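Overview (structure and organization)
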Amino acid sequence: MIEEKQENTLEFLKRNNIYDNSNLSNHEKNFHKDSYFISDEDKIKKIEKHFFHIMKVLGLDMTDDSLQKTPKRVAKMFIKEIFSGLNSKNIPISSTFENKYKYNQMLIEKNITLYSTCEHHFLPIIGKAHVGYISNGKVLGLSKINRIVNFYAKRPQVQERLTIQIVGYLKDILSTKDVACVIEAKHLCVNSRGIKDIDSSTITTELIGSFKNNSDIRREFLHHIGVFQKNGI
């Protein structure tokens, strides 16, 4: 444990394979290295204590039966659920298989349900992710794609970074340069506060390899996921 505490954050992240190594500044720059060495139980206790004071400052009666256990409920939810992607131990074990059937067209997993949290206001991001790749000799179990999306979504996020992280991880695990991800989501920081625009949504794309450089492949991918069909693409 002492050696781990002395370990450079970059080395720790590489060893645990939780990001695309070439994009550390984009992927993990908002991580605090000390968080890796605090147990989940200790984190829950600390958050519970602080959230109790937040609720009290807001003027809530913390002796009320309905509110007494809320700080602990929130703390457990943060650590075990909506921010579980901050813990590298939760990264999906993404075993790959040899592409023995020589399938050389794109594989697409679309309409992956996505729940994340805006890091600016800590309000929900709700949407769908569409992910595609072309095998370079390796294939991945379909459910693992959903789990990878879910892992990176379970953090305070910005949608742009989330899209890049998903593609970066798949590029590394599949050893292919041909990966694509499109996310379309609603941000409650836009829909429920501020401008309060309930109809707008945000689309982000990360296309690499053939998905970026080959117009026919890009057009086929966008056609299959259907996000841009209403615009005639």
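Structural notes, computed from the coordinates. Keep in mind the model is a prediction, meaning the values are calculated, not measured. (Residues numbered from 1 in each chain as written. Predicted model: local features only at pLDDT ≥ 70, side-chain atom pairs only at ≥ 80, totals over all residues. Heavy atoms only, no water.)

**With respect to the overall build of the chain**
Spelled out, the test is: Secondary structure elements are defined from DSSP: runs of H or I of at least 4 residues count as helices, runs of E of at least 2 residues count as strands, and each element is numbered from the N terminus. Burial status follows relative accessibility: with a 1.4 Å probe on protein chains alone, a residue under 20% of its type maximum counts as buried, one over 50% as exposed, and anything between as partly exposed. Note on areas: these come from Shrake-Rupley sampling with a 1.4 Å probe, and a residue is covered only by the protein chains present in the view.
The secondary structure content of the chain amounts to 10 helices and seven strands. By residue count, 39% of the 233 residues in the chain fall in the buried class. Accessible surface, the chain: about 13600 Å² in total, of which carbon and sulfur atoms supply 51%.

**Regarding a positive patch on the surface**
As a reminder of what qualifies: Exposure above 30% relative accessible area and the lack of any salt bridge qualify a residue for a patch; like charges then connect within 9 Å, and the nonpolar side chains Val, Leu, Ile, Met, Phe, Trp and Tyr within 5 Å. Each salt bridge in this description consists of a side-chain nitrogen of Lys or Arg and a carboxyl oxygen of Asp or Glu lying within 4 Å of one another. Under this rule, positive means Lys or Arg and negative means Asp or Glu; His and the chain ends count for nothing. Taken as the charge location is NZ of Lys, CZ of Arg, CG of Asp or CD of Glu.
A surface patch of positive charge is lined by Lys45, Lys69, Lys72, Arg73 and Lys76. The greatest single-element share of the positive patch, amounting to three residues, is contributed by helix H5 (residues 70-82).

**Focus: the side chain of Gln159**
Inclusion rule: Pairs of N or O atoms within 3.5 Å make up the polar contacts considered here, provided that, within protein, one atom can donate a hydrogen while the other can accept it, and that residues adjacent in sequence are counted only when both atoms are side-chain atoms. Every residue pair with non-hydrogen atoms within 4.5 Å of one another is taken to be in contact.
The residue Gln159 is located in helix H7 (residues 159-174) in this model. A polar atom in the side chain of Gln159 sits 3.1 Å from the side chain of Thr204. Leaving out residues up to four positions away in the same chain, Gln159 has contacts with Ile183, Glu184, Ala185, His187, Thr202, Ile203 and Thr204.

**Side note on the nonpolar core**
As a rule of thumb, soluble globular proteins bury nonpolar side chains together. Cut-off, in case you're wondering: We call a set of buried residues a nonpolar core when its members are Ala, Val, Leu, Ile, Met, Phe, Trp, Tyr or Cys and they connect through side-chain atoms within 4.5 Å of each other.
With 29 residues, the main nonpolar core has Leu114, Val131, Ile166, Leu170 and Ile183 as its most contacted residues. Looking at this core, the elements with two or more residues in it are strand S2 (106-118), strand S3 (124-134), strand S4 (138-140), helix H6 (142-153), H7 and strand S6 (179-187). Among the elements that make up this core, the one with the highest residue count is H7 (seven residues).

**Describing the packing of H6 against H7**
Convention followed: Angles run from 0 to 180 degrees between N-to-C directions of axes, and those axes are lines fitted to C-alpha atoms, restricted for helices to the stretch in contact. Orientation labels follow simple angle bins: below 35 degrees gives roughly parallel, above 145 gives roughly antiparallel, 65 to 115 gives roughly perpendicular, and whatever is left gives oblique. When the near helix sits turned anticlockwise from the far one by under a right angle, the crossing is termed left-handed; a clockwise turn instead gives a right-handed crossing. Basically, the charged four are Asp, Glu, Lys and Arg, the nonpolar ten are Ala, Val, Leu, Ile, Met, Phe, Trp, Tyr, Cys and Pro, and anything else, Gly included, counts as polar.
H7 packs onto H6 with a crossing angle of 135 degrees between their chain directions and a minimal axis gap of 10 Å. With respect to H7, the axis of H6 lies oblique. H6 and H7 meet at a crossing whose hand is right-handed. The residues of H7 that touch H6, namely those facing Ile148, Val149, Tyr152 and Ala153, are Leu162, Gln165, Ile166, Tyr169 and Leu170. Within the contact of H6 with H7, the residues separate by chemical class into eight nonpolar, one polar and no charged.

**Side note on the packing of helix H4 (residues 40-57) against H5**
When two helices pack together, their arrangement is captured by the angle between the axes and the distance separating the axes. Between H4 and H5, whose axes approach to 8 Å, the crossing angle comes to 135 degrees. Comparing the axis directions of H4 and H5 gives the class oblique. By crossing handedness, the relation of H4 to H5 is classed as right-handed. Counting all contacts with H4, which are made through Asp40, Lys43, Ile44, Ile47, Glu48, Phe51, Phe52 and Met55, the residues of H5 involved are Thr70, Pro71, Lys72, Val74, Ala75, Lys76, Phe78, Ile79 and Lys80. Looking at side-chain class alone, the contact of H4 with H5 contains 10 nonpolar, one polar and six charged residues.

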